[in-house]
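Here are the chains, one letter per residue:
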Amino acid sequence: MRDQATRRNGMLRRLSRNRSGAAGLLLVLAFLLVALAGLLGLTPRAPAQQFMANRLAAPSAEFPLGTDLFGRDIASRLISGAAVSLRVAITAVAMAGGLGAALGILAGYAGGRVDHLLMRLMDVLFAFPALLLALVVVTVLGPGPSNSALAIAIVYLPIFARVARGPVLSVKELDFVLAARCLGLRPQSVLLRHVLPNITAPLIVQVSLALSWALLTEAALSYLGLGTQPPAASWGVMLSESRPLAERAPWMMVFPGLAIMAGVLGFNLLGDGLRDVLDPRLRGRYAAA
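Residues numbered from 1 in each chain as written. Predicted model: local features only at pLDDT ≥ 70, side-chain atom pairs only at ≥ 80, totals over all residues. Heavy atoms only, no water.

### Examining the packing of helix α5 (residues 130-141) against helix α9 (residues 200-223)
Two numbers describe how α5 lies on α9: the axes approach to 11 Å, and their chain directions differ by 55°. Taken together, the axes of α5 and α9 are oblique relative to one another. Taken as a pair, α5 and α9 cross one another with a handedness that is right-handed. Residues A130, L131, A134, L135 and V138 of α5 touch α9, and the partners they reach there are W213, T217, A220 and L221. Residue classes in the contact of α5 with α9 are distributed as eight nonpolar, one polar and no charged. (Axes fitted to C-alpha atoms, helices over the stretch in contact; angles between N-to-C directions. Helix = DSSP H or I, 4+ residues; strand = E, 2+ residues; numbered from the N terminus. Parallel < 35°, antiparallel > 145°, perpendicular 65-115°, else oblique. Left-handed = near helix turned anticlockwise from the far one by under 90°. Contact = heavy atoms within 4.5 Å. Nonpolar A, V, L, I, M, F, W, Y, C, P; charged D, E, K, R; others polar.)

### Observations concerning the packing of aromatic side chains
The full count for this structure, using the stated rule, is five aromatic pairs. On the basis of an interplanar angle of 55° and a centroid distance of 5.5 Å, the ring pair of Y156 and W213 is categorised as tilted. Placement of the pair is Y156 in helix α6 (residues 145-171) and W213 in helix α9, with a sequence separation of 57 residues. Each member of the aromatic cluster is reached from another via a ring pair, and the members are F31, W235 and F267. A cation over an aromatic ring shows up here: R45 above the ring of F51, its NZ or CZ 5.5 Å from the ring centre. (Phe/Tyr/Trp six-rings, centres within 6.5 Å; stacked < 30°, edge-to-face > 60°. Lys NZ or Arg CZ within 6 Å of the ring centre and 35° of its normal.)

### Observations regarding the side chain of Q206
Looking at the element boundaries, Q206 is found in helix α9. Q206 gets classed as buried once you look at its relative accessible area, which sits at 12%. In this view, Q206 contacts Y156, I159, F160 and V163; residues no more than four positions away in its chain are not counted. (Buried < 20%, exposed > 50% of the residue type's maximum accessible area, 1.4 Å probe, protein only.)

### Overview of the nonpolar core
Nonpolar side chains in soluble globular proteins tend to end up buried together. Residues F31, F160, V195, W235 and M252 are the most contacted members of the largest nonpolar core, which totals 53 residues. Of all elements in the fold, only α2 (19-39), α3 (74-110), α6, α7 (175-182), α8 (187-195), α9, α10 (235-242) and α11 (251-278) reach the threshold of two or more residues within this core. If near-sequence neighbours (up to four positions away) are discounted, W235 is found in contact with F31, L78, G81, A82, S85, P256, A259 and I260. (Core = buried A, V, L, I, M, F, W, Y, C linked by side-chain atoms within 4.5 Å.)

Structure follows, in structure tokens:
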């Protein structure tokens, strides 16, 4: 336990010395705090509450980010929308990461026909443009946050499979893995005890990058009317509602757009920082003095 805590603290110190990683971590923490407030319902006003006397009100002390066409508080809807985005992103990445990594590990470790079959199935999914495949899945299943999460998971499944398979091909030929197999350990034990711990670094980085893409895709699907449905708060829905009023009430477009940009940028920067910190070739650059 002490060794694990020491390694974890060392990684955090190296990440804090990485500028992009530290900036990404701060943005991600800010996003998580806002999303947590939305999940707990800690918004200044009810996201769907209408103040018809204050329709299209500019940012002010009463409404810090202004109101929309129906007099709803944009700040409250942004906070609630962050919770929707986080829930969809985590669900999608958990499904894609869990199943994709399992398929990639199985393909890389088993090799032969199993590897060939699984990777050809992944190639079929790779053949479709990512957003187009997500649109097809949501169109077939119907709009909604749950179906959006499933669509994003299907799109990202082959990427996790590829990311997991590559390191397994190298790790399974190392001496300690071969020794474990010679000692008669079951394949499940070899995978869990010796292979999986040595391929977690690229998977951790991929999770961070996948979360950024999931946020962006959820917003795109909602913008097109295939994700979260009005009157529920969603950053994509808010952008869609702002289109006819972009000149008259630009704050309706600016603030959701900035929120999406900050969330996506934060996870991307964090992923870049984690890649630098977890890469053994670059680890010395961020080691403690």
